[in-house]
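Examination of the molecular architecture
Residues per chain are reported as follows:
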Amino acid sequence: MRSPVIVLVTAALVTLSLGCSDGQARRAEAEAKRAAAEAAKGREEAAARREAERLAALWSYQETAPGKMHQVTAAVSSANNVDTDGSGAKPVRLIFRDHASWGRSSYLVMQAGDFDCYGKCTVQVTVDDAAPKPMAGRRPKTDEAIAMFVNDWQTLWNLTRAAKRIQIEFPVKAGGTRTAAFDVGGLDRSKMPGWDAQ
């Protein structure tokens, strides 16, 4: 027959052992949760960096030699292709230009078809989920490019500041309107010196 003292000591040791095991398990579980949270945060940060790099790569910047025809441009192609004349869907370009002789401007360029905006017209500009904003436009009489100015370049430029996507609805000669969407979140504003000082 076992001594009561031995039984009590054994029970105490078992209890202490179980307590240590429970404490170790809780610490291990907490550490696993912290590691999982850090891994998830790392994945989110990596995804955010990739998205920022993708958005930045959508923009192209050009600068010509100094002189009367010196110009600086920032341009982005539409996220969607647009069929403007029945010949098939193609991207539309949004361009901001600073020209030594012609001044500052913003305009759209199509690859086919034409804008129904000779003289003047109204385009609808939507920033993210905001209500559309009417803005004046005009199609210059030139065959150099299928281009249409958004007259208030300064407002359009300012709208890109906090925007992720800008949509511009414009009239076409084929009839009706078309809408081009531009992902503008990656715009490097420093490439257009002085534009944010307005």
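Residues numbered from 1 in each chain as written. Predicted model: local features only at pLDDT ≥ 70, side-chain atom pairs only at ≥ 80, totals over all residues. Heavy atoms only, no water.

In a structure, side chains of opposite charge can pair up when their charged atoms sit close to one another. Counted according to the given criterion, the structure contains eight salt bridges. We note a salt bridge from Arg139 to Asp114, for which the minimum N-O separation is 2.8 Å. Of the two residues, Arg139 sits in the loop between strand S6 (133-138) and strand S7 (146-150) while Asp114 sits in the loop between strand S4 (103-110) and strand S5 (121-127), which places them 25 residues apart along the sequence. Per residue, the accessibility class of Arg139 equals that of Asp114, and both read buried. One salt bridge in this structure joins Arg189 and Asp196, with 3.0 Å as the shortest N-O distance. Residue Arg189 is classed as buried on the basis of its relative accessible area of 16%. (Salt bridge = Lys/Arg side-chain N within 4 Å of Asp/Glu carboxyl O. Helix = DSSP H or I, 4+ residues; strand = E, 2+ residues; numbered from the N terminus. Buried < 20%, exposed > 50% of the residue type's maximum accessible area, 1.4 Å probe, protein only.)

This part covers the nonpolar core. Counting 34 residues, the largest nonpolar core has Leu108, Phe170 and Phe182 as the members making the most contacts within it. Breaking this core down by element, the ones donating at least two residues are strand S2 (71-77), strand S3 (93-99), S4, S5, S7, helix H2 (153-159), strand S8 (165-171) and strand S9 (177-183). Excluding residues within four positions of it along the chain, Phe182 makes contact with Val76, Ser77, Ser78, Val92, Arg93, Leu94, Leu108, Lys164, Arg165, Ile166 and Ile168. Formed by six residues, the second largest nonpolar core is a distinct cluster that contains Ala75, Tyr107, Val109 and Ala147. (Core = buried A, V, L, I, M, F, W, Y, C linked by side-chain atoms within 4.5 Å. Contact = heavy atoms within 4.5 Å.)

Further remarks concern the pairing of S6. In the sheet, S5 pairs with S6 via five bridges, with the strands oriented antiparallel. Along S6, the bridge assignment pairs Val125 with Lys133. Between S5 and S6, which follow one another and run antiparallel, lie five residues, and Asp128 among them has a positive phi close to 50°. Across two bridges, the pairing between S6 and S7 is antiparallel. In the sheet register, Arg138 faces S7, and the bridge partner there is Phe149. (Pairing = 2+ DSSP bridges.)

What follows deals with the pairing of S5. Most of S5 sits inside the fold, with five of its seven residues counted as buried. Sheet topology places S5 next to S8; four bridges connect them, and they run antiparallel. When the bridges of S8 are listed, Val127 appears paired with Ile166.

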